[in-house]
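Per-entry structural report
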Amino acid sequence: MLPSYPPDAVGGFDFMPDILLVEDKESLRRVLRLTLENAGYSVTEAADAREAIAALGRTPHRVVLTDLRMPHGSGIDVLRSSKNADGDVPVIVMTAYGSIDEAVQAMKDGAHDFLQKPVDSNHLLLLVERALEQARLRTENLLLREEWSKRYGFPRIIGESEAIKRAVSETQRVAQTEATVLLLGESGTGKELFARAVHHLSNRRDNPFVAINCAAIPETLIENELFGHERGAFTGAGERRSGKFELASGGTVFLDEIGELPVAVQGKLLRAIEEKAIDRIGGRGPVPVDVRVVAATNKDLRGAVDKGEFRGDLFFRLAVFPIEIPTLRERGEDVVLLARHFAGQLGKELRGREATISDAGIQALRAHHWPGNIRELENSIERACILADGATLEARDLGLVTDEVRDPTAFGFDTAGTLNEATERAVKMVERRKITDALGQYDGNKGRTAEALGISYKTLLTKIKEHNL
């Protein structure tokens, strides 16, 4: 287990101090604090066991460094309180000459290591570094385990297919670097989940994760959203406003649908990545920013570069480390694993108990093409949990069109009545299915859906209303 970090207002995590330092002698505490801060760590101080236990109750820490003998309790009390709060936070105990037996007892009680006084600075920093490395390795091992969702509040990466394992392995490898990452894949494959994994496995995990959907922000506002503005920069700019790059300081900016970023803003983004500086609208000079960029797209960016729709220099800067997120169609039995996971989770939320899927339901899931990927699968399971008469989801509850129905030689609708009546029902069935698939493929973006279907935006809205989508 890892410390449970409370979410902050911009989608990342509140700043978590690195080390809780517990020492009753003020002069020694000051020396130790300066040693740790000079090495780049942030430190919370406590003068006795009572203060330390209160601090552990308020804020999680990555390492606890505590003296053994002090007022209002002992280092053993601090150790036990830390283990009760989170058993995986390493605790290093400091002991004076003559109290080695107590240090041994602390190790038996779960201390990570002990440090003998007088404290050697190099030895201290080495022990802290080892403790943090151990915690980091535990974090990597969480990526495919249930604790990931419990600790961080977003779905764990579920799957046993080689395609998903390859994407996870690449994510683990690149996370510890500062390389820019480009996530490639269709809508609904879970690109934002992988972006969050890159952030939380990195050294920036304690700072904000800020996500921006470039397709959802009007072209006239995107520059302001990313880089902010100065007071008086334009009509209505009554005060200075920080953009997402400044809000993510020290952390990660996730640029989803990067292929939709206007060409006029692409050059400024390139500069922000290469020079680690941004220009606010109406600003007089560059503003330093320290962020890592993770981008995602479902478009062929290389093709967009060839057409002049996307800057080549920005593409190559973003694609330092591309990761292909596989479609659900490429993941084999992962469809069943995910469906059962969603059934358990959504059944509990919507019906008060976990749902299961019948054998016929499993066959329907396997037969479906899944153009909307994981998002479509989750929506299908949610719909089934609402419609099902009991705790078992049947094929009819899933609302899927099987391959047999899609066969043009088979009928998936009522053929009663006249030819015109049957034809009208067939057209409506095809329209509904085609629009649903396109909306899923383009993540609900109606403009792109209308373009793909070859109809006007107004016609699409009419059809959505007509089919009650």
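Now for a quick tour of the structure. (Residues numbered from 1 in each chain as written. Predicted model: local features only at pLDDT ≥ 70, side-chain atom pairs only at ≥ 80, totals over all residues. Heavy atoms only, no water.)

Moving on, we come to the overall build of the protein. When you go through the protein residue by residue, the secondary structure sums to 21 helices and 16 strands. Taking as baseline every contact in the protein between residues at least 6 positions apart, the subset at least 24 positions apart corresponds to 68%. Summing over all exposed atoms, the protein offers an accessible surface of approximately 23,100 Å²; the carbon and sulfur share of this is 49%. (Helix = DSSP H or I, 4+ residues; strand = E, 2+ residues; numbered from the N terminus. Contact = heavy atoms within 4.5 Å. Areas by Shrake-Rupley, 256 points an atom, 1.4 Å probe, with all protein chains shown as cover.)

Further remarks concern the side chain of threonine 171. Along the chain, the position of threonine 171 falls in helix α7 (residues 162-175). Those residues in contact with threonine 171 that sit more than four places away from it in its chain are Phe194, Ala197, Val198 and Ile323.

This part is about the layout of surface pockets. Of the voids in this model, the largest pocket is the one considered here, and its volume is about 710 Å³. In terms of lining residues, the largest pocket is bounded by 23 residues, among which Glu376, Arg432, Arg433, Thr436 and Leu469 are the most central. Of the residues that constitute the lining of the largest pocket, the class distribution is seven nonpolar, nine polar and seven charged. If you add up the space inside the second largest pocket, you get close to 570 Å³. In terms of lining residues, the second largest pocket is bounded by 28 residues, among which Gly188, Thr189, Gly190, Lys191 and Leu193 are the most central. Of all the elements in the fold, those that place two or more residues in the lining of the second largest pocket are α8 (191-200), β10 (252-256), α14 (334-351) and α16 (373-387). Per element, the largest residue contribution to the lining of the second largest pocket is five residues, and it comes from α8. When its residues are assigned to classes, the lining of the second largest pocket shows eleven nonpolar, six polar and eleven charged. (1 Å grid on protein atoms, 1.4 Å probe; cavity = no way out; pocket = protein on both sides within 12 Å on 5 of 7 lines; lining within 4 Å. Points joined across faces, edges and corners; volume = space filled by probe spheres on them. Nonpolar A, V, L, I, M, F, W, Y, C, P; charged D, E, K, R; others polar.)

Moving on: the sheet that holds β10. Spatially, β7-β10-β13-β6-β14 is the arrangement adopted by the five strands of the open sheet, whose pairing is parallel. Among the strands making up the open sheet, the edge pair consists of β7 (209-213) and β14 (321-324). Between one strand axis and the next, the sheet turns through 20° on average, direction left out of account. Pairing between β10 and strand β13 (residues 292-297): four bridges, direction parallel. Residue pairing in the sheet places threonine 252 in a bridge with arginine 292 of β13. Those strands touched by α7 are β6 (181-184), β13 and β14, and its axis lies near 155° from that of β14. (Pairing = 2+ DSSP bridges. Axes fitted to C-alpha atoms, helices over the stretch in contact; angles between N-to-C directions.)

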